[in-house]
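Spelled out from the first residue to the last, the chains are:
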Amino acid sequence: MLKNLSSLSIIIPVRNRALLIAECLSSLLNSANRLDPDVDVEILVADDASTDDTPAVVAGIAQKSPTPIKLLTSPQRHGPGHARNLAIKNAKGELIIFVDSDEVVVEDFFRAHLAMHREKGPLVYGLGRIISVPSLEAAKNHPEPTIWDYSGSTMDTGNASVRKEHLEAVGGFDAGFEGMGWHDLDLGYRLLQYGLEKVFIDTAITYHI
């Protein structure tokens with residue numbers, strides 16, 4: 001039963017985000033600290049051939065983190081779909097939560113995703129609220145969403161949660177898509193076709209810088 005769900009894998013694709021990835025990870029670790037101790041959490045950072053100090057920043061944080069942080073690296077750039085697929089393959093959690101490297105999350109982010117899946121049962125996937133902000137300082141003020149933050153997309157991996165078994169059942173992301181967002185929409189469509197229900201989680205908030 002999904003109500004006994006007790007393991008999460010957080011997946012972050014990243015490329016050249018040395019100035020933001022530390023803040024992203026800090027917010028995720030803070031959210032992980034608010035989970036019950038019987039919930040296992042791991043964070044997988046899939047680096048898509050960064051040419052800046054991103055891998056070193058992630059490795060430094062991982063050494064000190066009480067929550068396991070695994071850095072997966074690609075020697076060549078293949079795009080975010082490929083990076084996410086690599087992380088899915090290596091994930092141990094029953095529930096996969098996707099965020100982007102230029103986002104920070106609210107304290108109850110993980111609790112909100114987990115609560116929805118436990119309440120709604122196994123045949124769902126979740127999309128949280130993404131609020132665009134101009135800076136990290138603005139994100140810390142927790143602004144309210146505007147009409148421009150609305151999205152009716154089938155999937156937005158800046159803030160989404162799906163059981164790993166369902167991702168594997170539909171074949172993960174199609175890494176052949178070029179440009180931002182198309183592989184998200186395609187995956188969402190295939191999850192819907194597979195029979196899952198899309199559920200919006202109003203309190204699972206990320207601030208997209």
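Just so you know, these numbers come straight off a predicted model, no measurement behind them.

An account of a negative patch on the surface is needed here, citing residue identities and associated values.
Side chains of Asp36, Asp38, Asp40 and Glu94 sit close together on the surface and give a patch of like negative charge. In this structure, Asp38 sits in the loop between α1 (21–32) and β2 (40–48).

Hey, could you go over the pattern of salt bridges for me, with residue numbers and the actual values?
Following the criterion strictly, the structure yields 10 salt bridges and no others. With its nearest N and O atoms 3.4 Å apart, the salt bridge here joins Glu107 to Arg34. Separated by 73 residues along the polypeptide, Glu107 in the loop between β5 (103–105) and α4 (109–120) and Arg34 in the loop between α1 and β2 bring together distant segments of the chain. For Arg34, a relative accessible area of 34% translates into the label partly exposed. Among the salt bridges present, the one from Glu168 reaches Lys164, with a minimum N-O distance of 3.9 Å. With Glu168 and Lys164 both in helix α6 (residues 164–169) and four residues apart, the pair spans about one turn of that helix. Given the relative accessible area of 51%, Glu168 is considered exposed. A residue is classified by how much of its surface remains accessible, and Lys164, at 15% relative accessible area, is buried. Salt bridges sharing common partners tie together Arg34, Glu107, Asp108 and Arg111.

Describe the nonpolar core, with residues and values.
Membership of the largest hydrophobic core comes to 40 residues, with the highest contact counts inside it found for Leu8, Ile10, Ile12, Leu28, Ile43 and Phe110. The greatest single-element share of this core, amounting to six residues, is contributed by α1. Not counting chain neighbours up to four residues away, the residues in contact with Leu8 comprise Leu35, Val39, Asp40, Val41, Glu42, Gly93, Leu95, Ile97, Phe110 and Leu114. In terms of nonpolar packing, the next biggest core, distinct from the first, is built from 21 residues, Ile88, Ile96, Leu167 and Leu187 among them.

Provide a residue-level description of the packing of α1 against helix α2 (residues 54–64), including the pertinent values.
Following both chains from N to C, one finds α1 and α2 inclined at 30 degrees, their axes separated by 10 Å at the closest point. Classed by the angle they form, the pair α1 and α2 counts as roughly parallel. You can see that α1 and α2 cross each other, and the crossing is right-handed. Here Ile21, Ala22, Leu25 and Leu29 of α1 lie close against α2, whose contacting residues are Val57, Val58 and Ile61.

Kindly report on the side chain of Asp149, identifying the contributing residues and their values.
Mapping Asp149 onto the fold places it in the loop between α5 (136–140) and β7 (159–163). In this structure Asp149 is buried but unpaired, with Arg129 as the nearest side chain of opposite charge at 7.0 Å. A distance of 3.0 Å separates the side chain of Asp149 from the backbone nitrogen of Ser132, its partner in a polar contact. In contact with Asp149, other than residues within four places in its own chain, are Ile130, Ile131 and Ser132.

Just give me the short version of the packing of aromatic side chains, but keep the residues and values in it.
On inspection of all chains with the given rule, the structure shows two aromatic pairs. Relative to Phe110, the ring of Phe109 lies with its centre 5.5 Å away and its plane at 55 degrees, an arrangement referred to as tilted. With respect to class, Phe109 is no different from Phe110; both count as buried.

Give me the lowdown on the pairing of β2, citing residues and values where you can.
Look at any regular strand and the pattern is simple: side chains alternate between the two faces of the sheet. Of all nine residues in β2, eight are buried; the element is thus mostly enclosed. The parallel pair strand β1 (residues 7–14) and β2 is bridged by α1, and the resulting crossover is right-handed. Between β2 and its parallel partner strand β3 (residues 69–74), the chain crosses via α2, and the hand of that crossover is right-handed.

A description of the sheet that holds β2 should follow, citing residues and the corresponding values.
Strand order across the open sheet formed by eight strands is β3-β2-β1-β4-β7-β6-β8-β5, with mixed pairing between neighbours. The outermost strands of the open sheet, each flanked by one partner alone, are β3 and β5. Strand-to-strand twist of the sheet, defined as the mean angle between neighbouring strand axes without regard to direction, takes the value 30 degrees. By the bridge criterion, two bridges tie strand β6 (residues 124–132) to β7 in an arrangement that is antiparallel. Paired with Gly126 across the bridge in β7 is Ser161. Contacting β1, β2, β3, β4 (95–99) and β5, α1 crosses the sheet at an angle of about 15 degrees to β5. Where α4 meets the sheet, it contacts β1, β4, β5, β6, β7 and β8 (197–208), and its direction lies at approximately 175 degrees from that of β8.

Cut-offs used in this document
- Residues numbered from 1 in each chain as written.
- Predicted model: local features only at pLDDT ≥ 70, side-chain atom pairs only at ≥ 80, totals over all residues.
- Heavy atoms only, no water.
- Patch = residues over 30% accessible without salt bridge, like charges linked within 9 Å, V, L, I, M, F, W, Y side chains within 5 Å.
- Areas by Shrake-Rupley, 256 points an atom, 1.4 Å probe, with all protein chains shown as cover.
- Salt bridge = Lys/Arg side-chain N within 4 Å of Asp/Glu carboxyl O.
- Lys, Arg positive; Asp, Glu negative; His and termini not counted.
- Charge placed at Lys NZ, Arg CZ, Asp CG, Glu CD.
- Helix = DSSP H or I, 4+ residues; strand = E, 2+ residues; numbered from the N terminus.
- Buried < 20%, exposed > 50% of the residue type's maximum accessible area, 1.4 Å probe, protein only.
- Core = buried A, V, L, I, M, F, W, Y, C linked by side-chain atoms within 4.5 Å.
- Contact = heavy atoms within 4.5 Å.
- Axes fitted to C-alpha atoms, helices over the stretch in contact; angles between N-to-C directions.
- Parallel < 35°, antiparallel > 145°, perpendicular 65-115°, else oblique.
- Left-handed = near helix turned anticlockwise from the far one by under 90°.
- Polar contact = N/O pair within 3.5 Å; in protein donor to acceptor, adjacent residues only side chain to side chain.
- Phe/Tyr/Trp six-rings, centres within 6.5 Å; stacked < 30°, edge-to-face > 60°.
- Right-handed = clockwise from strand over helix to strand, strands pointing away.
- Pairing = 2+ DSSP bridges.

Geometric values such as these leave the question of function open.
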